[in-house]
Amino acid sequence: MATIHFHETMHATPEQFVAALTDFGPGRSDVFGNSADGYLKVHDQGRDEADVTEGSNGIWERLHYDWSDPDHVVLTTTDSNLWGGHSGHSYDFTRQSDGTTDIDVAIVREGKNLKGRLVGSFLGTVGKGHLVKAFDATVKAVEARNDSAPVH
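A. Structural context of the overall build of the protein chain. Looking only at helices and strands, the protein chain features 3 helices and 7 strands. Overall, the protein chain shows an N-to-C arrangement of helices and strands of β-α-β-β-β-β-β-β-α-α. Here the protein chain has a C-alpha radius of gyration of 15 Å; the compact-globule value for 152 residues is 15 Å, and the two agree. Principal-axis analysis of the C-alpha atoms gives the protein chain an extent of 45 × 35 × 25 Å. Expressed as a percentage of the 152 residues in the protein chain, the buried residues total 42%. At a minimum sequence separation of 6, the contacts of the protein chain that also span at least 24 residues come to 45%. Carbon together with sulfur atoms contributes 52% to the accessible area of the protein chain, which is approximately 7900 Å² in total. With 13 positive and 23 negative side-chain charges, the protein chain shows a separation of 8 Å between the mean positions of the two kinds.

What counts and what doesn't
Residues numbered from 1 in each chain as written. Predicted model: local features only at pLDDT ≥ 70, side-chain atom pairs only at ≥ 80, totals over all residues. Heavy atoms only, no water. Helix = DSSP H or I, 4+ residues; strand = E, 2+ residues; numbered from the N terminus. Rg over C-alpha atoms; globule rule 2.2 N^0.38 Å. Buried < 20%, exposed > 50% of the residue type's maximum accessible area, 1.4 Å probe, protein only. Contact = heavy atoms within 4.5 Å. Areas by Shrake-Rupley, 256 points an atom, 1.4 Å probe, with all protein chains shown as cover. Lys, Arg positive; Asp, Glu negative; His and termini not counted. Charge placed at Lys NZ, Arg CZ, Asp CG, Glu CD.

The following block contains the structure:
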């Protein structure tokens, strides 16, 4: 099982990030590169939770999204072609006095088959850089979507 942690400071509010995270409409892949529109299916959505299948490049997972706590959002994998067990994502937000938001991310990948164990092992070692780069792109997209990126 691989658990990948990373941290970023963004010029967006937790509400703006959660709004992007829970926007399951067309163009989702513009913000979340690992969520191709062709894989996206919303099974159910409430005020602060959703049941969504998403993925890309032959990897998919069905996730239960829970954003009832605006400072701690949890995505639990309920089905996948690769991931099982305790797989999922969590996002913890901390507002800073300068208007930025610290975001701590944890991704758990527990392979449920040989391919899942191999991909999980890769992500837990050399693949972490790919996940960090993808998340950096997501943060930039959320900031641009909200015009909250700093002017240089």
